[in-house]
Amino acid sequence: MKILMILDNLSVDSGVSSIVMNLYKNIDPTRIRVDFLIFKNGNNSYVDEVKKNGSQVFCLRNPLSLKTVILGVMDLKKFFKDNSSKYDVVHLHSPTLSEFTLKYAKKYGIKNRIIHSHSTMTSMNYIKKFINYFLQKNVCEYANRFWACSTEAAEFLYGKDFCYTHDIQLIKNAVNLKKYKYDEHIRNKIRKEIGWEEKIIITHVSNFSPIKNVKFIVEIIDCLANKRNDLRFLFVGDGPTRLEVQNDIRERNLEQYCYFTGRTKNVSNYLNVSDVLVLPSIKEGLPVAVVEAQANGLKCIVSDSITKEVNNGNVIFVKTIVENWIKEIDEIKPFNSEERIRECEKFFYSEFNIINEAKRVQQIYLDLE
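No experiment lies behind these values; they were computed from the predicted model shown. (Residues numbered from 1 in each chain as written. Predicted model: local features only at pLDDT ≥ 70, side-chain atom pairs only at ≥ 80, totals over all residues. Heavy atoms only, no water.)

Peer 1: For this particular structure, what's the right way to read the overall build of the protein?
Peer 2: Within the protein, the regular secondary structure consists of 17 helices and 13 strands. Taking 21 Å as the expected radius of gyration for a compact globule of 369 residues, we find that the protein reaches 21 Å, a close match to that expectation. Taken along the three principal axes of its C-alpha coordinates, the protein extends 65 × 45 × 40 Å. Placing the 53 positive and 45 negative side-chain charges of the protein at their respective mean positions leaves the two points 6 Å apart. (Helix = DSSP H or I, 4+ residues; strand = E, 2+ residues; numbered from the N terminus. Rg over C-alpha atoms; globule rule 2.2 N^0.38 Å. Lys, Arg positive; Asp, Glu negative; His and termini not counted. Charge placed at Lys NZ, Arg CZ, Asp CG, Glu CD.)

Peer 1: Explain unusual backbone geometry to me, please; I cannot follow it from the model alone.
Peer 2: As a rule of thumb, non-glycine residues mostly have phi less than zero, and peptide bonds are mostly trans rather than cis. Not every positive phi belongs to a glycine, and F208 is a case in point at roughly 55 degrees. Its location among the elements puts F208 in the loop between β8 (200–205) and α11 (215–225). Positive phi, normally seen in glycine, also occurs at N213, with a value near 60 degrees. Of note, N213 is situated in the loop between β8 and α11.

Peer 1: Just checking my understanding: could you explain helix α5 (residues 126–136) for this structure?
Peer 2: The periodicity of an α-helix, 3.6 residues per turn, causes residues three or four places apart in sequence to face the same way. Taken residue by residue, α5 has N132, L135 and Q136 as its buried positions. Taken end-on, α5 shows its buried residues confined to a sector of 85 degrees, consistent with a single buried face. Of the exposed residues in α5, those oriented more than 90 degrees away from the buried face are Y126, I127, F130 and Y133. Tucked into the core, α5 has its buried residues touching α6 (139–142) and α7 (151–158). (Buried < 20%, exposed > 50% of the residue type's maximum accessible area, 1.4 Å probe, protein only. Arc of directions from axis to C-beta. Contact = heavy atoms within 4.5 Å.)

Peer 1: I keep staring at helix α17 (residues 354–366) and nothing clicks. Help me out?
Peer 2: Taking 1.5 Å of rise per residue, 13 residues should cover 18 Å, and α17 covers 18 Å from first to last C-alpha, within 8% of that figure. Buried within α17 are the following residues: I354, E357, A358, V361, Q362, I364, Y365 and L366. Turning to α17, the residues buried within the fold contact β1 (2–6), α1 (15–26), β4 (89–92), β5 (112–117), β6 (145–148) and β7 (168–170). Of the residues that open α17, the one with a side-chain oxygen 3.0 Å from the backbone nitrogen of I355 is N353. (Expected span 1.5 Å × (residues − 1). Polar contact = N/O pair within 3.5 Å; in protein donor to acceptor, adjacent residues only side chain to side chain.)

Peer 1: What am I meant to see in the packing of aromatic side chains here?
Peer 2: Aromatic rings considered in pairs are described by the distance between their centres and by the relative angle of their planes. Under the counting rule described, the total for this entry stands at 16 aromatic pairs. Judged by centre distance (4.6 Å) and plane angle (10 degrees), the ring pair of F235 and F260 falls under stacked. Remark: F260 occurs in strand β10 (residues 258–262) and F235 occurs in strand β9 (residues 231–236); sequence separation between them is 25 residues. Comparing F235 with F260, the two get one shared label, buried. (Phe/Tyr/Trp six-rings, centres within 6.5 Å; stacked < 30°, edge-to-face > 60°.)

Peer 1: Can you walk me through the pattern of salt bridges in this structure?
Peer 2: Two side chains of opposite charge can pair, provided their charged atoms sit close to one another. Here the structure, examined in full by the defined rule, presents 25 salt bridges. K78 is paired through a salt bridge with D82; the nearest N and O atoms lie 2.7 Å apart. Residue K78 and its partner D82 are located together in helix α3 (residues 69–83), separated by four residues, close to a single helical turn. Through salt bridges with shared partners, a single ionic network connects E219, D222, D248 and R252. (Salt bridge = Lys/Arg side-chain N within 4 Å of Asp/Glu carboxyl O.)

Peer 1: Looking at this model, I keep getting lost on the packing of α11 against helix α15 (residues 322–331). Mind explaining?
Peer 2: Between two packed helices, what matters for the description is the angle formed by their axes and the separation of those axes. Direction vectors running N to C along α11 and α15 enclose 60 degrees, while the axes themselves pass 10 Å from each other. Relative to α15, α11 is oriented oblique. Between α11 and α15 lies a crossing whose hand is right-handed. Residues F216, E219, I220, C223 and L224 of α11 touch α15, and the partners they reach there are V322, W325, I326 and I329. Residues that form the contact of α11 with α15 fall into these classes: eight nonpolar, no polar and one charged. (Axes fitted to C-alpha atoms, helices over the stretch in contact; angles between N-to-C directions. Parallel < 35°, antiparallel > 145°, perpendicular 65-115°, else oblique. Left-handed = near helix turned anticlockwise from the far one by under 90°. Nonpolar A, V, L, I, M, F, W, Y, C, P; charged D, E, K, R; others polar.)

Peer 1: So what exactly am I meant to see when it comes to a nonpolar patch on the surface here?
Peer 2: A cluster of nonpolar side chains, I127, F130, I131, Y133 and F134, forms an exposed patch at the surface whose accessible area comes to about 570 Å². In this structure, F134 sits in helix α5. By relative accessible area, F134 is classed as partly exposed at 41%. (Patch = residues over 30% accessible without salt bridge, like charges linked within 9 Å, V, L, I, M, F, W, Y side chains within 5 Å. Areas by Shrake-Rupley, 256 points an atom, 1.4 Å probe, with all protein chains shown as cover.)

Peer 1: Looking at this model, I keep getting lost on the sheet that holds β8. Mind explaining?
Peer 2: By way of backbone hydrogen bonds, the strands of a sheet pair with one another, either parallel or antiparallel. The strand order across the open sheet formed by six strands is β10-β9-β8-β11-β12-β13, and the pairing between neighbours is parallel. Since the sheet does not close on itself, it has two edges, and those belong to β10 and β13 (315–318), each with one partner. Across the sheet, the mean angle separating the axes of adjacent strands is 25 degrees when strand polarity is ignored. Against the sheet, α15 engages β8, β9, β11 (276–279), β12 (299–303) and β13, with an angle of about 175 degrees to β12. (Pairing = 2+ DSSP bridges.)

Peer 1: How do you make sense of the pairing of β9 when you look at a structure like this?
Peer 2: One face of the sheet, then the other: side chains in a regular strand alternate in exactly this way. Across the six residues of β9, six count as buried, placing the element largely inside the fold. Alternating positions in β9 separate into two faces, L231, F233 and F235 on one and R232, L234 and V236 on the other, with burial throughout. Judged from the six bridges that link them, β8 and β9 form a sheet pairing that is parallel. Bridging across to β9, I202 finds its partner in F233. In terms of handedness, the path from β8 via α11 over to β9 forms a crossover that is right-handed. Across four bridges, β9 lies against β10 in parallel orientation. Within β10, the residue paired with L234 across the bridge is Y259. As for the winding sense of the linkage, the β-α-β connection from β9 through helix α12 (residues 242–251) to β10 is right-handed. (Right-handed = clockwise from strand over helix to strand, strands pointing away.)

Set out below in structure tokens:
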């Protein structure tokens, strides 16, 4: 079977790319061949890795960019006209591209057309929301297979009525448990390096997009700094609001309580260092950072707007009110090393184990033939 995965990019900073790669690495390549169609390529990506595995990567001009909209649409129409006969399945992970991808996949005869909803919000900008609504409004016409990472993500893209009358495949954002298994040696080593050996470390992992609401954490730090000296805050990742967050921390004289790792491929190392993960996002489909943290044996405090389906037993959902978060952080008791090891072992049997989920997804693909 040959599958064409379509997504914006294959960046290591992208949550969707990471989810796709987790599946890709755990699907049997002797039974399923996966190629990729993307619209942005950079140095910090998985492109070289998938090419080494024998997959093709097509990088075309972006039809959503004003600079390349006309040529981008022409490229895609020609691509599907020339290549549709090579693929059994097209799997789109970026719904705003459906008008330029699934539309032509259907026109030129690809039998199985999957649309995959990964989020519950397209943008915080009202103009972009309006544009995205029109770009996505025909997805149910062009696709004939409907996937989502959570019930909320399905209802957001397809609508509740559609979900009641159609078969929606819920595909968990599963992770590699070996990669995220708790390691006490790494924990002690990095804690010593940053000088936080005896501290309780509260960690946030994200791409610092506005939807992640990272600035909210600064309010929490400001309140807790005067109350407790045993807490420290670790920020893992990089993105649009990072400088704004760092400037806010500097202006409030909170730098001694905070550490920014920047962009890193070793998120698991910093989870080992941590005691609690916090994610005050405004909206999420099913945040993989919370799955990774639970796989590492961490307790998580997240906003109550996030789907409850992310909870594997160690997630606390809190309204996005500063006082509520301060109370939860102040009262939470992190797991000790023995407890974290037990939590990791329990996670092995979870539906968030990529080995289990990839087998299930592989069979779903093969049953499409």
